[in-house]
Amino acid sequence: MANGRDKWPVVLGQIVMSFFFLNDFSHHLRDIKDPEHPYSLEELKVITEEAVEVDDNRSYVRVTFTPTVEHCSMATIIGLCLRVKLMRSLPSRYKVDIRVAPGSHATEAAVNKQLNDKERVAAALENPNLLDMVDECLAPSYD
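Named according to an unreviewed UniProt entry, the protein is Protein ae7 originating from Stylosanthes scabra. Looking at the protein in UniProt, the text filed under Sequence similarities (unreviewed entry) is "Belongs to the MIP18 family."

Student: Quick one: what's the story with the overall build of the protein, residue by residue and with numbers?
Tutor: Scanning the protein for helices and strands turns up six helices and three strands. In the protein, the succession of α and β elements from N to C terminus is α-α-β-β-α-β-α-α-α. Taking all 143 residues of the protein together, 36% fall into the buried category. Within the protein, counting contacts between residues at least 6 apart in sequence, those at least 24 apart form 62% of the total. Accessible area of the protein: about 9000 Å², with a carbon and sulfur share of 54%.

Student: Break down the pattern of salt bridges for me, with residues and values.
Tutor: Pairing between side chains becomes possible if they bear opposite charge and their charged atoms approach one another. The final tally for this structure, using the stated rule, is seven salt bridges. For aspartate 135, the salt bridge identified is with arginine 88, shortest N-O distance 2.9 Å. One end of the pair, aspartate 135, is in helix H6 (residues 128-138); the other, arginine 88, is in helix H3 (residues 75-89), and 47 residues separate them in sequence. With a relative accessible area of 30%, aspartate 135 lands in the partly exposed category.

Student: Before we move on, could you go through H3 and cite the residues and values that matter?
Tutor: Compared with an ideal rise of 1.5 Å per residue, which puts 15 residues at 21 Å, H3 spans 21 Å between its outermost C-alpha atoms and is within 8% of the ideal. Burial analysis of H3 places 11 of its 15 residues in the buried class, which makes it a mostly covered element. Every buried residue of H3 is listed here: Ala75, Ile77, Ile78, Gly79, Leu80, Cys81, Leu82, Arg83, Val84, Leu86 and Ser89.

Student: Could you give an account of H6, naming the residues involved and the relevant values?
Tutor: The set of residues buried in H6 consists of Val134, Cys137 and Leu138. The arc enclosing the buried residues of H6, seen along the axis, measures out at 95 degrees, which places them on a common side. Turned more than 90 degrees away from the buried face of H6 sit Pro128, Asn129, Asp132 and Glu136, all of them exposed. The elements touched by buried residues of H6 are H3. Looking at where H6 begins, the residue whose side-chain oxygen comes 2.8 Å from the main-chain nitrogen of asparagine 129 is asparagine 127.

So, how was this worked out
Residues numbered from 1 in each chain as written. Predicted model: local features only at pLDDT ≥ 70, side-chain atom pairs only at ≥ 80, totals over all residues. Heavy atoms only, no water. UniProt positions renumbered as here; feature names shortened; annotations may be inferred. Helix = DSSP H or I, 4+ residues; strand = E, 2+ residues; numbered from the N terminus. Buried < 20%, exposed > 50% of the residue type's maximum accessible area, 1.4 Å probe, protein only. Contact = heavy atoms within 4.5 Å. Areas by Shrake-Rupley, 256 points an atom, 1.4 Å probe, with all protein chains shown as cover. Salt bridge = Lys/Arg side-chain N within 4 Å of Asp/Glu carboxyl O. Expected span 1.5 Å × (residues − 1). Arc of directions from axis to C-beta. Polar contact = N/O pair within 3.5 Å; in protein donor to acceptor, adjacent residues only side chain to side chain.

Quick look at the structure:
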């Protein structure tokens, strides 16, 4: 239609979708399982609601996580799990920034660079072993 009214359902649907994801945001992350321990990232205090920043106007999300130990060998896997969960949950318009909490990991800068490099993330997700590990961490638990 020339008057643009046919666009309302699409726009309204995007607004409702954004509202749903942003208000239920921590729900999307809280049940991600730790790759080494039988607990969720929330239970281990790796991820907290306060560590999730959302700016809907800029379509921007930042998640800052704190590994359990300074030399955590699974920090990149944990960050990859967070990124994949958000990629699968959020509308594609969002830019996602995943960070290790400042001072919480011995190789903080390297981990942050790896987690926010599109080519490195894409390459990691092409590795069937890594993808299986990520999918296992994201699988719902039925305790």
